[in-house]
Every structure is written in C-alpha cells, then in structure tokens.
Amino acid sequence: MAADLIDGKAFAATVRGKVAGHVARLKEEHDITPGLAVVLVGEDPASQVYVRSKGKQTVEVGMNSYEHKMDVETSQEDLLAVIDKLNNDPAVHGILVQLPLPAHLNEDLIINSIAPEKDVDGFHISNVGLLGTGQKSMVPCTPLGCLMMLRDYHGSLSGMDAVVIGRSNIVGKPMAQLLLGDSCTVTIAHSRTKDLADVVRRADIVVAAVGRPEMVPGDWIKEGATVIDVGINRIPAPEKGDGKMKLVGDVDFASCSERAGAITPVPGGVGPMTIACLLANTVTACCRAHGLAEPEGLTA
C-alpha cells in the first residue's frame, strides 16, 4: 500500500492565503495592520536564512515586518531593552527572538521577558502553562502546523491513539498537549522508552520529533497509521557525488510509506507549516489585542 502524501508545502500556501484574507479584512474593517517583530542576535547563517524568509512571507500576506538585527556581542541588558520597547509598541502584535542565541545570553530569561500575549513562538512559561491546562494560549508554531495537517486529513482525531517520539519543549511536549486537547490517547516516547518499537506499533498517529535521521523504520508503523515527520536532518548523499548532502526526516520514508496510510515528506512536509503558523499566530495575537473575534481555522 502506498501512503497518501500530506503535502505541507501546499497546505502552508493555503494557510498563508487564509492569513492574507484575515489581514485584508482587519485593514478594511478596522484600519488595523498586524505587525511581527523578529530579533536576530549575531550572524548564524541558518538563522539569517530563517529571518529573511519570515520577513518576506510576513510582507507577502500584508502584515508589517520589523527586523532588529543585533551584534553577536550584544549584552543581555541591551537585548532586554529592545524587547521591552517592542512589548510596549502597539504596532507590534507578535515578537519572535530567533534561536539559538549566543552562549552568553540566557535564553529562558530572554524568552520570558516577551509579553505572553505577543509571544508568537509560544515558548513563554505562561503560554506553556496555559496550553498544559487547556486554556487559551499562544501555541508553538511547529506543533500547531502538525495539528492543522492532522485535522485536515482526518477531520476528528477523537479517540485515536497517538505516539509522540521526542519530549522537547519546542515540539514533543506541546504536540502531546494539543493531541490531548483533540481527545487523542497520547503517549510521549523517548530514548529511555522500553520496547519503543512496540509502543509505536500501536499508534494510529505517529509524530516523530526526536532529531535522529531515519530512526523510525517501516516495521514500527501500524498498517494505515498517519506519520508526521518533524525531523530535518542533513546527512551525506554519496549518490549525489563526493561531499554532497541531503535532507531526511526522523523516519525512514521509503519503508514507512509502504505501511502508513498517510505520511509527510522531508523536505516539503512539516517545515513549510512552521512559518505559516507563525503568521497565523500573529494575526491571532492582533485580534486578541483588539478584542476582535479570532480567525477561524488558524488556532488550536
């Protein structure tokens, strides 16, 4: 059986289209333009690429984009001052501090200095607590994107058995909370899980977010299960020539797609959804800030 391919690139384009429609209505009906501020400290090449892409897509959906690029030696005091200014700027509805930060900066302190209602990454301890207790929060973008794709493919997730492989604060833990919120039976598995293969085999939904290339083989997958592969790993590609690399996920796509009912590819699966959900979160934050109805289909 060949699995259905869940096309994250196409789905992300649909999400961005919905965001653009909401932005247009906010402008026309309320004279409000959502604004997203991104703070980049240092010159990490990957971070620079992400920030450029975020800025480009923010403008494309009609929102205001504010970029603050700071020197790698920036002090914690100076960075906190920039965040404080953005917290108090009514034109800024979402704030994102690009991670990782240079080693001399305390990431937890920096993230928790962002106003929770503007924390469009969903990493602030207040948002973590709200999500964990089933209250309205800002939701981390990657898990939100995974949830959107699962809902789109299955409709209701109620009663389904879900296994999340990975327990990070960025993906694993919030993903489990979101699946619980949609009435799944949820197991968080990780490197210390006994009989990991057997745990995964019982799942109707497998979300792999462990950061190990092609760790999950096809014989771990229940026939007909839905596999969401969050992993993005760069490994050697000898078939492409000396020194060439390729991107693979946390599951072995070839063998897993023979047993799964549906699967996300890498690249082109979860990745494109992350920025799309960042834009969706910014619109949601804007609507909440102005006491307006939240956009349908763009929140958890």
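> Explain the sheet that holds strand β5 (residues 161–165) here, please?
By way of backbone hydrogen bonds, the strands of a sheet pair with one another, either parallel or antiparallel. Spatially, six strands are ordered β1-β11-β8-β7-β5-β6 in an open sheet, and the strand pairing comes out parallel. Among the strands making up the open sheet, the edge pair consists of β1 (4–5) and β6 (185–189). Pairing of strand β8 (residues 226–229) with strand β11 (residues 262–263) involves two bridges; the strand directions are parallel. Its bridge partner being in β11, threonine 226 is matched across the sheet by alanine 262. Across the sheet, helix α6 (residues 141–154) touches β1, β7 (205–208), β8 and β11, and the angle it forms with β8 is around 155 degrees.

> Help me understand the pairing of β8 in this model?
Looking down a regular strand, the side chains alternate between one sheet face and the other. Both faces of β8 are covered, namely the face carrying Thr226 and Ile228 and the face carrying Val227 and Asp229. Here β7 runs beside β8; their pairing, made up of four bridges, is parallel. Directly across from valine 206, in β8, lies its bridge partner valine 227.

> Explanation requested: the nonpolar core in the structure shown.
Across soluble globular proteins, nonpolar side chains show a tendency to be buried alongside one another. Counting residues in hydrophobic clusters, the biggest one holds 54 residues, and the most contacted among them are Val19 and Leu179. At the level of elements, α1 (8–30), β2 (35–41), α6, β5, α7 (172–181), β7 and α10 (271–289) are the ones that each hand at least two residues to this core. For this core, the leading source of residues is α10, giving ten residues. Each residue touching valine 19, except ones within four places of it in the same chain, is listed here: Val61, Leu279, Ala280, Val283 and Leu298. Within the second largest apolar cluster, 21 residues are counted, among which are Ala208, Met215, Ile221 and Val251.

Procedures and definitions
Residues numbered from 1 in each chain as written. Predicted model: local features only at pLDDT ≥ 70, side-chain atom pairs only at ≥ 80, totals over all residues. Heavy atoms only, no water. Pairing = 2+ DSSP bridges. Helix = DSSP H or I, 4+ residues; strand = E, 2+ residues; numbered from the N terminus. Contact = heavy atoms within 4.5 Å. Axes fitted to C-alpha atoms, helices over the stretch in contact; angles between N-to-C directions. Buried < 20%, exposed > 50% of the residue type's maximum accessible area, 1.4 Å probe, protein only. Core = buried A, V, L, I, M, F, W, Y, C linked by side-chain atoms within 4.5 Å.

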